[in-house]
Amino acid sequence: MANLRPLVPELAEKARSELNEVPNRIAEDLAALRAWLIKQPHLNARTDDQFLVNFLRGCKYSLEKTKEKLDNYYTVKTAIPEFFDNRDPDNETLQTYMSFGVNLPLPHTLEVDGPRFMLVRMGAYDASKYSIVDVMKVCYMITDLLLVNDDTSIIAGHMVLVDLRGLTFACLSQFSPTFIKKMTSVIEAFPIRTKGIHFINPSSGFDTLFKMFHGFLSKKIQERIQVHESFEALHGVIPKKYLPEEYGGSGGRLNDIIADWRKNLIANREFFADDAKYRNDERKRPGKPKNASTLFGVEGSFRTLDFD
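Please read all numbers here as calculations on a predicted model, not as lab measurements.

1. Considering the overall build of the protein chain
Then, in step 1: When helices and strands are tallied, the protein chain shows 16 helices and five strands.
Then, in step 2: The globule rule puts the C-alpha radius of gyration for 308 residues at 19 Å, and the 19 Å found for the protein chain is close to it.
Then, in step 3: For the protein chain, the C-alpha atoms occupy an extent of roughly 50 × 45 × 40 Å along the three principal directions.
Then, in step 4: Taking all 308 residues of the protein chain together, 53% fall into the buried category.
Then, in step 5: Across the protein chain, the fraction of contacts at a sequence separation of at least 24, relative to all contacts at a separation of at least 6, is 78%.
Then, in step 6: Surface summary for the protein chain: the accessible area is close to 14,100 Å², and the carbon and sulfur share equals 52%.
Then, in step 7: Between the averaged position of the 41 positive side-chain charges in the protein chain and that of its 41 negative side-chain charges there is a distance of 3 Å.

2. Re the packing of helix α7 (residues 132-149) against helix α10 (residues 177-189)
Then, in step 1: Contact geometry of α7 with α10 gives a least axis separation of 12 Å together with a crossing angle of 5 degrees. Classified by the angle their axes make, α7 and α10 are roughly parallel. Residues I132, V133, M136 and Y140 of α7 form the contact with α10, whose participating residues are F179, M183 and V186.

3. Side note on the state of the cysteines
Then, in step 1: According to the stated counting rule, one finds zero disulfides in the structure shown.
Then, in step 2: Free of any disulfide, C139 has its nearest cysteine sulfur in C171, 11 Å distant.
Then, in step 3: In this structure C139 comes out as buried when scored by relative accessible area, which is 7%.

4. Focus on the nonpolar core
Then, in step 1: Counting 89 residues, the largest nonpolar core has F51, M122, Y125, M136 and F175 as its most contacted members.
Then, in step 2: Ranked by residues supplied to this core, first place goes to α7 with twelve residues.
Then, in step 3: Viewed by domain, this core spans two of them, domain 1 (1-79) and domain 2 (92-268), each represented by three or more residues.
Then, in step 4: Residues within four places of M122 in sequence aside, it is in contact with V102, I132, D163, L167, C171 and F175.
Then, in step 5: Counting five residues, the second largest nonpolar core, distinct from the first, contains L11, A15, I155 and A156.

5. Things to note about the sheet that holds strand β3 (residues 158-163)
Then, in step 1: As summarised here, the arrangement of the five strands in space is β1-β2-β3-β4-β5, forming an open sheet in which the pairing is mixed. Each edge of the open sheet is held by one strand with a lone partner, namely β1 (103-109) and β5 (225-228). With direction set aside, neighbouring strand axes in the sheet form an average angle of 25 degrees.
Then, in step 2: Sheet analysis places β1 next to strand β2 (residues 116-121), joined by four bridges and oriented antiparallel. By the bridge assignment for β2, P105 is matched with M118.

6. Here's the deal with the domain arrangement of the protein chain
Then, in step 1: Splitting the protein chain by domain gives domain 1 (1-79) and domain 2 (92-268).
Then, in step 2: In this assembly, 22 residues from domain 1 lie in contact with 19 residues from domain 2.
Then, in step 3: Here domain 1 meets domain 2 over a buried area of about 1,900 Å², counting both sides, of which 61% is carbon and sulfur.
Then, in step 4: Between domain 1 and domain 2 we count three salt bridges in total.
Then, in step 5: Between R57 and D151 there is a salt bridge, with the nearest N and O atoms lying 4.0 Å from each other.
Then, in step 6: Where domain 1 packs against domain 2, one counts seven residue pairs in polar contact (both at pLDDT 80 or more).
Then, in step 7: Those elements that place two or more of their residues in the side of domain 1 that touches domain 2 are α1 (9-19), α3 (49-58) and α4 (63-79).

7. Notes on the side chain of D275
Then, in step 1: Topologically, D275 is positioned in helix α15 (residues 269-275).
Then, in step 2: Apart from the residues lying within four places of it in its own chain, the contact partners of D275 are Y73, K77 and R87.

8. A look at the environment of W36
Then, in step 1: Structurally, W36 can be placed in helix α2 (residues 26-38).
Then, in step 2: For W36, a relative accessible area of 17% corresponds to the buried category.
Then, in step 3: The spacing of W36 and E245 is 209 residues in sequence and 48 Å in space, taken between C-alpha atoms.
Then, in step 4: Apart from residues lying up to four places away in sequence, W36 is in contact with L43, K67 and D71.

Analysis parameters
Residues numbered from 1 in each chain as written. Predicted model: local features only at pLDDT ≥ 70, side-chain atom pairs only at ≥ 80, totals over all residues. Heavy atoms only, no water. Helix = DSSP H or I, 4+ residues; strand = E, 2+ residues; numbered from the N terminus. Rg over C-alpha atoms; globule rule 2.2 N^0.38 Å. Buried < 20%, exposed > 50% of the residue type's maximum accessible area, 1.4 Å probe, protein only. Contact = heavy atoms within 4.5 Å. Areas by Shrake-Rupley, 256 points an atom, 1.4 Å probe, with all protein chains shown as cover. Lys, Arg positive; Asp, Glu negative; His and termini not counted. Charge placed at Lys NZ, Arg CZ, Asp CG, Glu CD. Axes fitted to C-alpha atoms, helices over the stretch in contact; angles between N-to-C directions. Parallel < 35°, antiparallel > 145°, perpendicular 65-115°, else oblique. Disulfide = S-S within 2.5 Å. Core = buried A, V, L, I, M, F, W, Y, C linked by side-chain atoms within 4.5 Å. Domains from an automatic or database assignment. Pairing = 2+ DSSP bridges. Buried area = accessible area lost by both parts, 1.4 Å probe. Salt bridge = Lys/Arg side-chain N within 4 Å of Asp/Glu carboxyl O. Polar contact = N/O pair within 3.5 Å; in protein donor to acceptor, adjacent residues only side chain to side chain.

What follows is the structure in structure tokens.
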């Protein structure tokens, strides 16, 4: 029997009906995945039941897709050290970045079996003083914690709310094509599906930002994008009870949510130290190695970001 967190009935049902989960076959699926991992000389992955099941769920139990996703997850982590190295949450610099609350999972999900709300506030920090690289590092630390601990994120996916208030030219100028390519590669490497993207407070920079990212988004996700000119328009789609007070809701105050996530990151210091051990050794990969220059170099082709 696999050693997994028990699911609430609603999520268990969603895993069965939408992700092809067959509870009494999980042990067999895990065994097949582990047998494959042993044969990958370059891949040094976590192999605990819960972690591997999260990838199986994220790939709807397609073994081939799961293998590709797992390989890709560690390939990207190894190839982009600026996002994934030196992730000690006790580090003072990182604590400053944690306090901005650029990427915030909200405490309430859309119903019991609905997606986790992710609030993204790119205008929440002064881009002329702080580096977007470290902003993204903290974002991905949070995503890694959701990947291992949050069954809602894995089974029901994410509903992303992008607040564009305060977005400056200084912030936009940090998004080079290579940087966007790295960001989208990371998003694609996580086994977490994006169920929709809602933009709020579209500023003058919105069109620029949107054009920059649009080419990387699949048709499927382009169709799931909505732009809301006001909070009232947003409330027509997402009930107020799920949103923070600053967004006209009753789902907690932003400062408290930021403080809770900061505590959560610090409490998981050991997890991040342990995570650093799991990376690829591209010298041992059968065939051509995959590194930053092959993935993001000039010769690397731009892949469309596809969400399920």
